[in-house]
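In case you want the letters, here they are:
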Amino acid sequence: RERWGGVRTVGSSLNRRIRLHEAEPKGEDSVSMHVQADSNSQIEINTEKNAEVVFRLLGYWSSGSYVEAFSGFSAESSSNWDVHSLGPAGVPAQAVVEIVASNSNSGSERSVGFRSPGSSLERRLSLQEAESGGVDAVSAWVNSDSLSQIEVYAESSGDIDFHLLGYWSVAPGNYTEAATVLAGPGASASWEAGNLSANAVPADAIVQLLLANGASDTNAKMGVRQIGSVLSRIIDLHEAENGGNDLATIQVKTDSDSSIEWYDHQSGAGQFFSLIGWWEITP
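Throughout, a residue's number is its position along its own chain's written sequence, starting from 1. Restriction of local features to residues with pLDDT of at least 70 applies here, the model being predicted, together with a cutoff of 80 or more for giving and counting side-chain atom pairs; totals for whole chains, interfaces and linings are based on all residues. Here the side-chain values reflect all heavy atoms present in the structure, with hydrogen atoms and water set aside.

Colleague: Tell me about the side chain of Asn103, and please be specific about residues and values.
Modeller: Note that Asn103 resides in strand 6 (residues 96–103). Nitrogen and oxygen atoms within 3.5 Å of one another constitute a polar contact, given that in protein one can donate a hydrogen and the other can accept it, and given that sequence-neighbouring residues count only through two side-chain atoms. Within polar-contact distance, the side chain of Asn103 engages the backbone oxygen of Gln128 at 3.0 Å. Residues count as neighbours in contact if any of their non-hydrogen atoms are within 4.5 Å of one another. Excluding its chain neighbours within four sequence positions, the residues that come into contact with Asn103 are Ser108, Glu109, Arg110, Leu127, Gln128, Glu129, Ala130, Val135, Asp136, Asp159 and Ile160. Strands are runs of DSSP state E lasting at least two residues, helices are runs of H or I lasting at least four, and both sets are numbered from the N terminus onward.

So, in structure tokens, the structure goes:
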């Protein structure tokens, strides 16, 4: 069954949660969300059923200030890049915003996208069909322009919803958008080093990667971590439905050689990694 889950700042009144659709055999449906901890390192969580909704800490920022939000909007048209202003939601000019897109169509996958206005990047993702009353969702960072605008893409505006999850009032650095499918690890079920310097990723950056499972008959255990880490930092993506992909976004720090470690338990079976952006941290 579908289940509600969410995170928010302690004391917030925002109904900041997402109705995740049912997971397919041997996997999980997931979405990444940032949240600002309070002075006691606490956040608030919401779960419809404790035994079936799991929260995982993927990391934390040691600088910057994040302002949570939960403001929904739709694209103005289908199959076009539309400009949308986030100014009415309180977003300042030239901010880095966190956006989540969700597909509510229970019979068809849908293409979604988000990018800075004027960008030529084909920064679009294929969300699989939703299941059992929930939605299939994915989140990413986007740069707003001097008018607090971003561009969004919805293959079908009636099926795709966007939500502003938050923005940086004081950003930890500069964020560069990208849209590049990566080769990924060459061997299955083994942590391997992957160098991202050929994709212009600098040393000691925080990269945002998309993990995608396009296989319709099997789950995919995929992960990324820092070079030399011993963390089992793996997400179990459930099988994809009807031509789309089950997706998750995750961030990881590169080393002085612009390298990370990545993992795919069955490399080449319909899974892929995609670079969708990176942070250059301000000293």
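Moving on from the model shown.
Colleague: Please provide a residue-by-residue account of the side chain of Ser156, values included.
Modeller: Locating Ser156 in the fold gives a position in the loop between strand 10 (149–154) and strand 11 (160–170). Apart from residues lying up to four places away in sequence, Ser156 is in contact with Ser78 and Arg110.

Colleague: Tell me about the sheet that holds strand 19 (residues 271–281), and please be specific about residues and values.
Modeller: Only when DSSP finds a minimum of two bridges between them are two strands counted as paired. Strands sit in the order 12-19-14-17 across an open sheet of four strands; the sheet is antiparallel. The sheet is open, and its two borders are formed by strand 12 (173–182) and strand 17 (246–253), each paired with just one other strand. Neighbour-to-neighbour, the strand axes of the sheet open up by a mean angle of 20 degrees, direction not taken into account. Bridging between strand 14 (residues 206–213) and strand 19 involves eight bridges; their strand directions are antiparallel. Simply put, an axis is a line fit to the C-alpha atoms, just over the touching stretch for a helix, and the angle between two N-to-C directions goes from 0 to 180 degrees.

These figures capture arrangement, not role.
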